[in-house]
Amino acid sequence: MAERRRRIRSFEWSTAIIASLSLAAGIAVYVRDGADKALAILTKDLQLLVGMLPKMAAGCLIAAFVTRLLPREVVARVVGSESGLLGLFVAMMMGAVLPGGPLTIYPVAAAFLVLGADVGTAVAFITAWNLLGYNRALIWELPFFGPEFVGWRILIALPLPILGGLLARMASRFIVKRGGSDQWT
Amino acid sequence: MDLITVISVVIAILLWLLVGVLALIAAMRSKALFREGAFEGGRDFVVLIPRVMIGVVGSGYLAAILPPDLIAAWIGPNSGFIGILIATIIGAATPGGAVVGFAIGAAALKSGAGAPQVIAYSTAWSLYTIQRLLNWEIHMMAPRFVWMRAAVSFPLPILAGLGALLLGKP
């Protein structure tokens, strides 16, 4: 827990960069389009945020409980470093079916890493959620692009989570060989 | 309520059902386990709120000042591999948020961008938009894992774009 708190504080600069970029963009909108437009965007985004909060809270709680309830040995066996291609495939299927947004997915992926999942399966999981997640494709992508485009895009993306997982395993082996740490949590 | 709101509510309900099941299992194992889980989950949530707020409000303003015409001009159907590469980089630079990348991708497609380029763009935006890495992922996972994941994911949108180019679809 102490480690986690330190991690959050040490990357405060990233929040600062985003905050200043956002502020600059907000001022630009205000100057270009006036106060009404700037306020309209703010109201819309705050509504979006309020809609996100319940899912975000659920994601944090799921991650906290999963870390405590899932036995390490099971995670290590199913998606650990010895899990091979099958582990990548399992991670890919999990990523494609798990509901929720990035606020659910990253805590869960982090929890799996703590429990002994290997970096390849964690990358395959995140890649699959991003590219194959039905939730996202259905809610956000389909209205913009239509079924034919989305269908082809998903078909083309099918091998990518496995490929990303294999690349991550290679990268982690390379880093460890060069004397780097194999700690990814 | 429109369909999207309904789906969103259903997903929230499913997630909370999952929370309920997990909390129940934890409580049955031991009270301490339940308390620890609830406390840590709640604390993570509270710590994340201001960061996510900046991210959500910020991406709204960033999207409003982006020049869509310029984006469409760079990634037309005849731009080939270079267009795919450009689309990948623009995808990474496009702010996160739920719809920004899809909205711009669809607009670009309508104003003459090529399908392989748009696939590379939306894949890059989905996998490693810089703003989402900095806003969300880095708070929830170890920074070196985040950078490693972004690095190994770099070629994936290019491969997706090339795949679409070779298939001649969509």
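About the cut-offs
Residues numbered from 1 in each chain as written. Chains lettered and ligands numbered in written order. Predicted model: local features only at pLDDT ≥ 70, side-chain atom pairs only at ≥ 80, totals over all residues. Heavy atoms only, no water. Helix = DSSP H or I, 4+ residues; strand = E, 2+ residues; numbered from the N terminus. Buried < 20%, exposed > 50% of the residue type's maximum accessible area, 1.4 Å probe, protein only. Contact = heavy atoms within 4.5 Å. Areas by Shrake-Rupley, 256 points an atom, 1.4 Å probe, with all protein chains shown as cover. Buried area = accessible area lost by both parts, 1.4 Å probe. Salt bridge = Lys/Arg side-chain N within 4 Å of Asp/Glu carboxyl O. Polar contact = N/O pair within 3.5 Å; in protein donor to acceptor, adjacent residues only side chain to side chain. Nonpolar A, V, L, I, M, F, W, Y, C, P; charged D, E, K, R; others polar. Phe/Tyr/Trp six-rings, centres within 6.5 Å; stacked < 30°, edge-to-face > 60°. Core = buried A, V, L, I, M, F, W, Y, C linked by side-chain atoms within 4.5 Å. pLDDT = per-residue confidence, 0-100. Patch = residues over 30% accessible without salt bridge, like charges linked within 9 Å, V, L, I, M, F, W, Y side chains within 5 Å.

A.B. asks: What should I look at first to understand the overall build of chain A in this one?
C.D. replies: The helix and strand tally for chain A stands at 10 helices and 0 strands. Walking chain A from its N terminus toward its C terminus, one meets helices and strands in the order α-α-α-α-α-α-α-α-α-α. When the 185 residues of chain A are sorted by exposure, 50% land in the buried category. Pairs at least 24 apart in sequence give 76% of the contacts found in chain A among residues at least 6 apart. When the accessible surface of chain A is summed, it comes to about 8900 Å², and 69% of that surface belongs to carbon and sulfur atoms.

A.B. asks: Looking at this structure, how should I read the interface of chain A and chain B?
C.D. replies: Often, the extent of an interface is quoted as the loss of accessible area upon association of its parts. With 83 residues of chain A in contact, the opposing surface of chain B contributes 81 residues. The contact between chain A and chain B buries some 7900 Å² in all, and 79% of this surface belongs to carbon and sulfur atoms. If you look at where chain A meets chain B, you find 2 salt bridges. For B:Glu36, the salt bridge is made with A:Arg68, and the minimal N-O distance between the two is 3.1 Å. Joining chain A to chain B, the criterion identifies 7 residue pairs in polar contact (both at pLDDT 80 or more). Mapped by element, the contributors of at least two residues to the side of chain A that touches chain B are helix H1 (2–10), helix H2 (12–33), helix H3 (35–69), helix H6 (102–114), helix H7 (119–132), helix H8 (134–145), helix H9 (147–157) and helix H10 (160–177) of chain A. With 22 residues, H3(A) is the single largest residue contributor to the side of chain A that touches chain B. By residue class, the composition of the side of chain A that touches chain B is 57 nonpolar, 13 polar and 13 charged.

A.B. asks: Got a minute to help me understand the pattern of salt bridges in this structure?
C.D. replies: Any two side chains of opposite charge can pair if their charged atoms end up close together. Inspection of every chain in the model, using the stated rule, returns 7 salt bridges over all chains. Here A:Arg153 makes a salt bridge to A:Glu141, at a shortest N to O gap of 2.6 Å. Within this pair, whereas A:Arg153 is found in helix H9, its partner A:Glu141 is found in helix H8, the two being separated by 12 residues in sequence. Salt bridges here are not isolated pairs; linked through shared partners, they connect A:Arg68, B:Glu36 and B:Glu40.

A.B. asks: I keep staring at the packing of aromatic side chains and nothing clicks. Help me out?
C.D. replies: The geometry of two aromatic rings is summed up by the distance between their centres and the angle between their planes. Here the structure, examined in full by the defined rule, presents 6 aromatic pairs over all chains. A centroid spacing of 6.3 Å and a plane angle of 90° characterise the contact between A:Phe145 and B:Phe102, whose relative ring orientation is edge-to-face. In this pair, A:Phe145 is assigned in helix H8 and B:Phe102 in helix H5 (residues 100–110), connecting two distinct chains. Each of the two residues, A:Phe145 as well as B:Phe102, counts as buried. Considering the side-chain rings of B:Tyr128 and B:Phe154, the 6.2 Å spacing of their centres and the 25° angle between planes classify their relative orientation as stacked. In this pair, B:Tyr128 sits in helix H6 (residues 115–128) while B:Phe154 sits in the loop between helix H8 (143–153) and helix H9 (155–167), placing the two residues 26 residues apart along the sequence. For B:Tyr128, a relative accessible area of 5% puts it in the buried group. Accessibility expressed as a relative area gives 38% for B:Phe154, which makes it partly exposed.

A.B. asks: Can you walk me through the nonpolar core in this structure?
C.D. replies: For soluble globular proteins, the rule of thumb is that nonpolar side chains tend to be buried together. Ranked by size, the top nonpolar core spans 92 residues in total, and within it B:Val52, B:Met141, B:Phe145 and B:Met148 carry the most contacts. One finds A:Ala38, A:Ile41, B:Val57 and B:Leu62 within the second-largest nonpolar core, a separate group that totals 7 residues.

A.B. asks: Looking at this structure, I do not really get H5(B). What am I missing?
C.D. replies: In an α-helix, one full turn covers 3.6 residues, which means residues spaced three or four apart are oriented alike. Inspection of H5(B) places B:Val100, B:Gly101, B:Phe102, B:Ile104, B:Gly105, B:Ala106 and B:Ala108 among the buried residues, and these make up the whole buried set. Positive phi appears at B:Gly112, one or two residues downstream of H5(B), with a value of about 105°.

A.B. asks: I would appreciate a short explanation of the confidence of the model for chain B in the present structure.
C.D. replies: Residues and elements named next belong to chain B. In this model, chain B carries an average pLDDT of 85, and 93% of its residues clear a pLDDT of 70 or more. The least confident element of chain B is helix H3 (residues 68–74), whose mean pLDDT is 69; the most confident is H9, at 96. Here the complex is predicted with pTM 0.73, and the ipTM for its interfaces comes to 0.72.

A.B. asks: How do you make sense of a nonpolar patch on the surface when you look at a structure like this?
C.D. replies: A cluster of nonpolar side chains, contributed by B:Val6, B:Val9, B:Val10, B:Ile13, B:Leu14 and B:Leu17, occupies part of the molecular surface with about 490 Å² of accessible area. The exposure class assigned to B:Leu14 is partly exposed, which follows from its relative accessible area of 43%.

A.B. asks: Honestly, the confidence of the model for chain A in this entry has me stumped. Any pointers?
C.D. replies: The predicted coordinates should not be examined in detail at positions where pLDDT is low. Residue and element names in this part refer to chain A. Model confidence for chain A is summarised by a mean pLDDT of 82, while 87% of its residues fall at 70 or above. Confidence, expressed as mean pLDDT per element, reaches its minimum in chain A at H1 with 41 and its maximum at H10 with 95. Under a pLDDT of 50 for its full length, residues 1–10 has, in the predicted model, 17 contacts with residues more than four places off or in other chains.

A.B. asks: How do you make sense of the side chain of B:Ser122 when you look at a structure like this?
C.D. replies: With respect to the helices and strands, B:Ser122 occurs in helix H6. Once residues within four sequence positions are removed from consideration, B:Ser122 is found in contact with A:Arg153 and B:Phe102.

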